[in-house]
Amino acid sequence: MPAEAKADSNSARPAPGAGTSAAPSHAAHTRPHSMSQPASPPLTERQEARRRRILHASAQLASRGGFDAVQMREVAESSQVALGTLYRYFPSKVHLLVATMQDQLEHMHGTLRKKPPAGDSAAERVAETLMRAFRALQREPHLADAMVRALTFADRSVSPEVDQVSRQTTVIILDAMGLDDPTPAQLSAVRVIEHTWHSALITWLSGRASIAQVKIDIETVCRLIDLTDPADG
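A brief look at the structure comes next. (Residues numbered from 1 in each chain as written. Predicted model: local features only at pLDDT ≥ 70, side-chain atom pairs only at ≥ 80, totals over all residues. Heavy atoms only, no water.)

Quick look at helix α9 (residues 184-205)
In an α-helix, one turn spans 3.6 residues; hence positions three or four apart end up facing the same way. To keep things clear, this is the line we draw: Only DSSP runs of H or I covering at least 4 residues are called helices, and only runs of E covering at least 2 are called strands; the numbering of each starts at the N terminus. In this scheme, a helix's expected span is set at 1.5 Å multiplied by one less than its residue total. Burial status follows relative accessibility: with a 1.4 Å probe on protein chains alone, a residue under 20% of its type maximum counts as buried, one over 50% as exposed, and anything between as partly exposed. Note on contacts: a residue pair is in contact if any heavy atoms of the two residues lie within 4.5 Å.
With 22 residues, α9 ought to run about 32 Å at 1.5 Å a step, and its terminal C-alpha atoms sit 32 Å apart, in line with that. When we look at burial in α9, the residues that qualify are Gln186, Leu187, Ala189, Val190, Ile193, Glu194, Trp197, His198, Ala200, Leu201, Ile202 and Trp204. The inward-facing, buried residues of α9 contact α5 (93-114), α6 (122-138), α7 (141-153), α8 (159-177), α10 (211-222) and α11 (224-227). One or two positions beyond α9, positive phi appears at Gly207, with a value near 80°.

Have a look at this one:
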């Protein structure tokens, strides 16, 4: 088996003992201002441009054919980088697709900031925000499926990329809540909301939940925000 095919095949196998939920780990969540920066050293302008081309190529291939359509050699050719260079940035297809999801969430966050949710309560604003993000993914079902599958397959080697997805999701939720310094109880509620949102993506993508059911589940779990409001204590 060629090295590329072997890497892609191995990356698509869940780690021993891995669960089926795509909800990422939140161990790194302490303060929101620490969630928006990656732990790795900053890239040069040229390296960042190369990384952006790779992520764009990954998203384009996934949009057309889902998880199986993202082949590392094709990503390298489409982004005009050497295959070895691609593997230095992303050791496997799973690393690449999880990073692609973080990038997509970052774009969504920018769009949400331009047009913030209009709900009167924090719970309403978070529910609206997550449904807008969900509908954005719904418009690209093959891409959404590829990214969620990658999160599901991710083992410990992909922890930095998974943590970035988790941090980005948390920042989106906290922005919708209007919080800069959440309490531990509020962060706990955010974690449960994130788990529910990721699970809703999985059940929808597998055909086991309708959009209407997803909306009900999201609105229901967002009511946890009201229970953790210090003003109501």
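Moving on, there is more to tell.
Topic: the packing of helix α2 (residues 45-65) against α7
Spelled out, the test is: For helices, the fitted line uses only the C-alpha atoms of the stretch in contact; every axis is such a line through C-alpha atoms, and the angle between N-to-C directions lies from 0 to 180 degrees. For this classification, under 35 degrees means roughly parallel, over 145 means roughly antiparallel, 65 to 115 means roughly perpendicular, and everything else is oblique. By convention, the crossing between two helices is left-handed when the near helix turns anticlockwise from the far helix through less than a right angle, and right-handed when the turn is clockwise. Throughout this entry, Asp, Glu, Lys and Arg are counted as charged residues, while Ala, Val, Leu, Ile, Met, Phe, Trp, Tyr, Cys and Pro are counted as nonpolar. The remaining residues, Gly among them, count as polar.
At a minimum axis separation of 6 Å, α2 and α7 run at an interaxial angle of 110°. By the criterion of interaxial angle, the relationship of α2 to α7 is roughly perpendicular. In the packing of α2 onto α7, the handedness of the crossing is right-handed. Across from Ala59, Ala62, Ser63, Arg64 and Gly65 in α2, the residues of α7 making contact are His142, Leu143 and Ala146. By residue class, the composition of the contact of α2 with α7 is 4 nonpolar, 3 polar and 1 charged.

Quick word on the packing of α2 against α5
Between α2 and α5, the least distance of the axes is 9 Å, while the angle of their chain directions is 95°. Put simply, α2 runs roughly perpendicular to α5. Packed against α2, whose contacting residues are Arg51, Arg52, Ile54, Leu55, Ser58, Ala59 and Ala62, the element α5 presents Leu96, Leu97, Ala99, Thr100, Asp103, Gln104 and His107 at the interface. Class assignment of the residues belonging to the contact of α2 with α5 gives a composition of 7 nonpolar, 4 polar and 3 charged.

Thoughts on the nonpolar core
Applicable threshold: Throughout, nonpolar core names a set of buried Ala, Val, Leu, Ile, Met, Phe, Trp, Tyr and Cys residues whose side chains join them through atoms within 4.5 Å.
Residues Val126, Met177, Trp197 and Cys222 are the most contacted members of the largest nonpolar core, which totals 64 residues. Excluding anything up to four places from it in sequence, Cys222 contacts Ala123, Val126, Ala127, Leu130 and Ile193.

Details of a negative patch on the surface
Rule in force here: Two distance rules govern patches: like charges are joined within 9 Å, and nonpolar side chains (Val, Leu, Ile, Met, Phe, Trp, Tyr) within 5 Å, applied only to residues with over 30% relative accessible area and no salt bridge. Surface accessibility follows the Shrake-Rupley procedure with a 1.4 Å probe radius. Residue values consider only the protein chains on display as shielding. The salt bridge definition used is simple: a Lys or Arg side-chain nitrogen within 4 Å of an Asp or Glu carboxyl oxygen. Two residue types count as positive, namely Lys and Arg, and two as negative, namely Asp and Glu; His and chain ends fall outside the count. Every charge is mapped to an atom, namely NZ of Lys, CZ of Arg, CG of Asp or CD of Glu.
The grouping of Asp120, Glu124, Asp226 and Asp229 at the surface amounts to a negative patch. Topologically, Asp226 is positioned in helix α11. A relative accessible area of 37% places Asp226 in the partly exposed class.

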